[in-house]
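Spelled out from the first residue to the last, the chains are:
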Amino acid sequence: MSSQSLVIRRAAVLGSGVMGAQIAAHLANADIPVILFDLAAKEGDPNGIVRKAVEGLKKLQPAPLVTRDRLAAIDVGNYDQHLDRLRDCDLVIEAISEKIEWKVDLYAKIIPYLKDRAIVASNTSGISINQLSEAFPAARRPLFCGVHFFNPPRYMQLVEVIPSATTDAAMLDALESWLVKRMGKGVVRAKDTPSFVANRVGLFSILAVMHHTEQFKLGFDEVDALTGPRIGRPKSATYRTADVIGLDTLAHVTDSQQETLPDDPWREYFKAPAWLTALMAKGALGQKAGGGIFRKAGREIQVLDLGSGDYRASTGGVAPEVDQILKNRNAAERFAALRASSHPQAQFLWAMFRDVFHYCAYHLAGIADNARDVDFAMRWGYGWAQGPFEIWQTAGWKAIAEYIAEDIAAGKAMSKVPLPAWVAARDDVHRAEGSYSAAEDALKPRSTLPVYARQLFPDLIVGERHDRGETLEEDDSVRIWRMPKLDSRIAILSFKSKMHSLGKGVVEGIYRAVALAEADFDGLVIAHEAPFAVGANLVEVMQLVKAGQWDELDKVVAHFQGATKALRFAQVPTVAAVDGMAFGGGAEVAMHCAHRVMALETYIGLVEAGVGLIPAGGGCKELARRASEAAMRRGRQDPWEEIQKAFGFIIRGMTSKNAIDAKAMGFAAESDTVLFNARELPYAAIRQARAMFEGAYRPPLPAKAIKVIGRPGNATLHMDLVNLREGGFMSEHDYIVSEASALVLCGGDVEPGTLVDEDWLLDIERRQFVELLKTEKTQQRMTYMLESGKPLRN
């Protein structure tokens, strides 16, 4: 089996609990038929347990399924009646409860039904893979490993892959490649040690926070203010995360670590604090029980007070002097100031970081191949902006090592065990040529598996740089460049504006890039990091509005329409690599390209109504054109159904929930490419442009016969708007804005069935857009959006 040869035509998931059902859902998202198994129900339908789990997928948030129709790819079965169906499965993922005897018993049941080359993987979060592999005959052990997904599986990037001593190396390479490309994951290979990498470090980090919370007598709300985004961690910080996990689950994992890590120097801390045990005894288990460390009382968020043992209002924040330290962008100065400060919050932060650094350095050789794997595990699995070794190195490796050693000697650290000798011998752990392996005392380069060649811009670690290709031209708004190592004849346009908003400079850049591509290249790709583009630069628009320069505004809109037309009718293929948000003008840019290569988690929408406007970069025109073409394909007299749907999307500012949904909503074509791994977008977009050129690409002819529904269609939409307004579902200004979009979509004041061209619709778009800009309430909406970042419904 080569790293490129793994074919998974059908999969099975054993266990329909929270993780098992969601893993099955993500397999279905990736177009892999899957059978979800569980125990046979004791009463009624034998598949009752697993059917309930599948139904539950519809209600889970965030949604595990990209679209509801993916449920059709999930079949159900039970262990008593349907194990013979495993004979068709190329991959079997076990995701039952964390009890080794239950897993071993299940393996014995499935072994007779497994396909010869079927891979079996356990989603265990910490049970020894070597122990589990012993449940299989010797001949099957090379095809067994651990594959640990993180919750929720659709959204969490990390998958830990854990081999046993007998796992086949080629199979592991092939499985890693498949997980990266097909499932969109970031893979870290973990050693077979308790809790593997991310949970080993993540749990200790939580326990260190808990220990130092009590040591420095801080409130839980104070600590969450300190351990969230201010230090590059998720908004849920520490204690809100504990509530989400479930306090009973956290206590169970902690107890398990204490049992399985008898020689860990920090073992005494692997136990639930007294206050946590008391909460569990009261049934306050966290979010699932309606409250835990935090709870909601009416509109007030309350937090447990350690001193009184009762709840109080959650008002804790970061002290001004500590806040000032955290604002220092120089990491070395920031850490030195935290350590030197006498403020308990600063002392807490230093102590927490110190003990996590100490723990990671001590255990690096045992739990991971190298420091990069630890850092990626924490970034991808716990949402840290930087991993522990990255933070340490950025703050000054030698200085931090000396601080830690001094604190260990002074008895301040959580453990007296000294730092390993390699720490003092090094100046860093991350370099361009690789990351340090404590087990091998060497720098280890990144994986050379061919699948990673598809990632032109992989996640970087401290000390690394991307190959930025060759710049053709660049200014403050855009960069036009190429990537010679992949294809020197495909030009690439990248926006540089904030959130990739579409100001004058970006629009001019689109014109220049198209002209350059037509003259000297075989294709044009629009690619940059997420978001793709959030719409027009409202600051520039408001400057013209305040000056009353309406003729100039008309020209600005026409110029943007010309840019999107240039993309649509370019003589070379234009491909948009879309990741994250593509809103308003950003959606219009993507919609006018010849092809879109989209990351799964792409959100496209024409959201202009939120600022009192309508799409005017060709968005309304494109939806009307596509509606007309769809009606013709389906043999209908008029495009009423498609127009009504598009109208609903525009007036509500609706966005797609993902890239597949964007196709269903008409913002993308059915032939567009969807990738589960966003890091592959530039590569795939360049390859797509090349394939289109080699296929003798021809741009479309301008549409001259767009059938519109005219006055009667507009009147019907108008009646719907009256009902919404009278029912209190939209304001008077919402009504006015919606009328404008209805006029464009219906083709203006014409007879039904009239055939119009693209420019006709663009002219109506532009006129309606400028007229709306003249209204006081639209100006209020734009101003409010600029000041608050939120829409105003006036």
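Rules of the game
Residues numbered from 1 in each chain as written. Predicted model: local features only at pLDDT ≥ 70, side-chain atom pairs only at ≥ 80, totals over all residues. Heavy atoms only, no water. Buried < 20%, exposed > 50% of the residue type's maximum accessible area, 1.4 Å probe, protein only. Helix = DSSP H or I, 4+ residues; strand = E, 2+ residues; numbered from the N terminus. Arc of directions from axis to C-beta. Contact = heavy atoms within 4.5 Å. Salt bridge = Lys/Arg side-chain N within 4 Å of Asp/Glu carboxyl O. Pairing = 2+ DSSP bridges. Axes fitted to C-alpha atoms, helices over the stretch in contact; angles between N-to-C directions. Expected span 1.5 Å × (residues − 1). Domains from an automatic or database assignment. Buried area = accessible area lost by both parts, 1.4 Å probe. Polar contact = N/O pair within 3.5 Å; in protein donor to acceptor, adjacent residues only side chain to side chain. Nonpolar A, V, L, I, M, F, W, Y, C, P; charged D, E, K, R; others polar. Phe/Tyr/Trp six-rings, centres within 6.5 Å; stacked < 30°, edge-to-face > 60°. Lys NZ or Arg CZ within 6 Å of the ring centre and 35° of its normal.

Every α-helix winds through 3.6 residues per turn, so residues three or four apart in the chain are directed the same way. Those residues of helix α11 (residues 320-327) that fall on the buried side of the exposure criterion are Val 322, Asp 323, Ile 325 and Leu 326. Projected down its long axis, α11 shows its buried positions confined to an angular sector of 160 degrees, all on one face. Facing away from the buried side of α11 by over 90 degrees, the exposed positions are Pro 320, Gln 324 and Lys 327. As for α11, its buried residues are in contact with α7 (220-226), α12 (331-340) and α13 (344-367).

On to the pattern of salt bridges, then. Under the definition given, this model contains 61 salt bridges. A salt bridge links Asp 75 to Arg 85, with the nearest nitrogen and oxygen atoms 2.2 Å apart. Of this pair, Asp 75 sits in strand β3 (residues 74-78) while Arg 85 sits in the loop between β3 and β4 (91-94), and the two are 10 residues apart along the sequence. Overall, the relative accessible area of 25% leaves Arg 85 in the partly exposed class. In this structure, Asp 522 engages Arg 690 in a salt bridge whose closest nitrogen and oxygen atoms are separated by 2.9 Å. With Asp 522 in the loop between α18 (504-520) and β18 (523-526) and Arg 690 in helix α25 (residues 681-694), the pair connects residues that are 168 residues apart, well separated along the chain. Grouping residues by exposure puts Asp 522 and Arg 690 together as buried. A cluster of three or more residues bridged by salt bridges with shared partners is formed by Arg 568, Lys 621, Glu 622, Arg 625, Arg 626, Glu 629 and Glu 758.

With that out of the way, let us pick up the sheet that holds strand β13 (residues 434-437). Strands pair in a sheet through their backbones, by hydrogen bonds, and they do so in one of two ways: parallel or antiparallel. If you trace the three strands from one edge of the open sheet to the other, you get β12-β13-β14, paired in antiparallel fashion. At either margin of the open sheet sits one strand with a lone partner, and together these are β12 (430-431) and β14 (442-444). Contacts between helix α14 (residues 371-382) and the sheet are confined to β12, β13 and β14, with β13 contributing the most and set at about 105 degrees to the helix.

Across the sheet, which stays open at both edges, the three strands sit in the order β9-β10-β11 with antiparallel pairing between neighbours. Lying at the two open borders of the sheet, with one neighbouring strand each, are β9 (294-297) and β11 (311-313). Here the strands of the sheet are splayed against their neighbours by 40 degrees on average, with no regard to which way each runs. Here four bridges tie β9 to strand β10 (residues 300-304), and the two strands are oriented antiparallel to one another. Bridge assignment links Arg 295 to a residue of β10, and that residue is Gln 302.

Between the first and last C-alpha of helix α9 (residues 247-260) there are 20 Å, a value that for 14 residues agrees with the 20 Å anticipated at 1.5 Å per step. Residues of α9 that are buried include every one of Leu 247, Leu 250, Ala 251, Thr 254 and Gln 257, and no others. Down the axis of α9, the smallest arc covering the buried residues is 120 degrees, so these residues share one side. Exposed side of α9, more than 90 degrees from the buried face: His 252 and Glu 259 are the residues found there.

It is worth spelling out the side chain of Ser 437 at this point. Locating Ser 437 in the fold gives a position in strand β13. For Ser 437, a relative accessible area of 0% gives the class buried. Not counting the four nearest positions on each side in its chain, Ser 437 is found in contact with Asp 369, Asn 370, Ala 442 and Lys 444.

With that settled, consider the environment of Gly 617. Within the secondary structure layout, Gly 617 lies in the loop between β20 (595-605) and α22 (619-633). Sequence separation between Gly 617 and Thr 564 is 53 residues, and the spatial gap between their C-alpha atoms is 6.8 Å. Setting aside residues no more than four positions away along its own chain, Gly 617 makes contact with Phe 560, Gln 561, Thr 564, Glu 588, His 592 and Glu 765.

Attention now moves to the environment of Glu 321. Secondary-structure assignment places Glu 321 in helix α11. Taking the C-alpha atoms as reference points, Glu 321 and Ile 32, separated by 289 residues in sequence, lie 54 Å from one another. Setting aside residues no more than four positions away along its own chain, Glu 321 makes contact with Ser 341 and His 343.

What follows concerns the domain arrangement of the protein chain. If you check the domain split of the protein chain, you get domain 1 (11-189), domain 2 (198-444) and domain 3 (470-778). Placing the centre of domain 1 and that of domain 3 at their C-alpha centroids yields a distance of 41 Å. Across the boundary between the two partners, domain 1 contributes 15 residues, which contact nine residues of domain 3. Buried surface at the junction of domain 1 and domain 3, both sides included, amounts to about 910 Å², of which 50% is carbon and sulfur. For the domain 1 face of the interface with domain 3, the top three residues by lost area are Val 66, Arg 154 and Gln 157, together amounting to 39%. We note a salt bridge from Arg 154 to Glu 601, for which the minimum N-O separation is 2.8 Å. Joining domain 1 to domain 3, the criterion identifies four residue pairs in polar contact (both at pLDDT 80 or more). Mapped by element, the contributors of at least two residues to the side of domain 1 that touches domain 3 are α1 (18-29) and α5 (169-181). In terms of residue class, the side of domain 1 that touches domain 3 is built from five nonpolar, five polar and five charged.

Following the criterion strictly, the structure yields 25 aromatic pairs and no others. Centroid distance Phe 220 to Tyr 239: 4.5 Å. Interplanar angle 50 degrees. Geometry classified as tilted. Taken together, the positions of Phe 220 in helix α7 and Tyr 239 in helix α8 (residues 239-245) put the pair 19 residues apart, joining distant regions of the chain. Tyr 239 shares its class with Phe 220; the two are buried. On the basis of relative accessible area, Phe 220 is assigned to the buried category, the value being 1%. Three or more aromatic residues joined by ring pairs make a cluster, and in this case those are Phe 335, Phe 353, Phe 357, Phe 389, Trp 392, Trp 397, Trp 422 and Tyr 436. Geometry around Trp 384 places Arg 233 over its ring, the cationic atom sitting 3.6 Å from the centre. The aromatic ring of Tyr 735 is capped on one face by Arg 725, whose charged end is 4.1 Å from the ring centroid.

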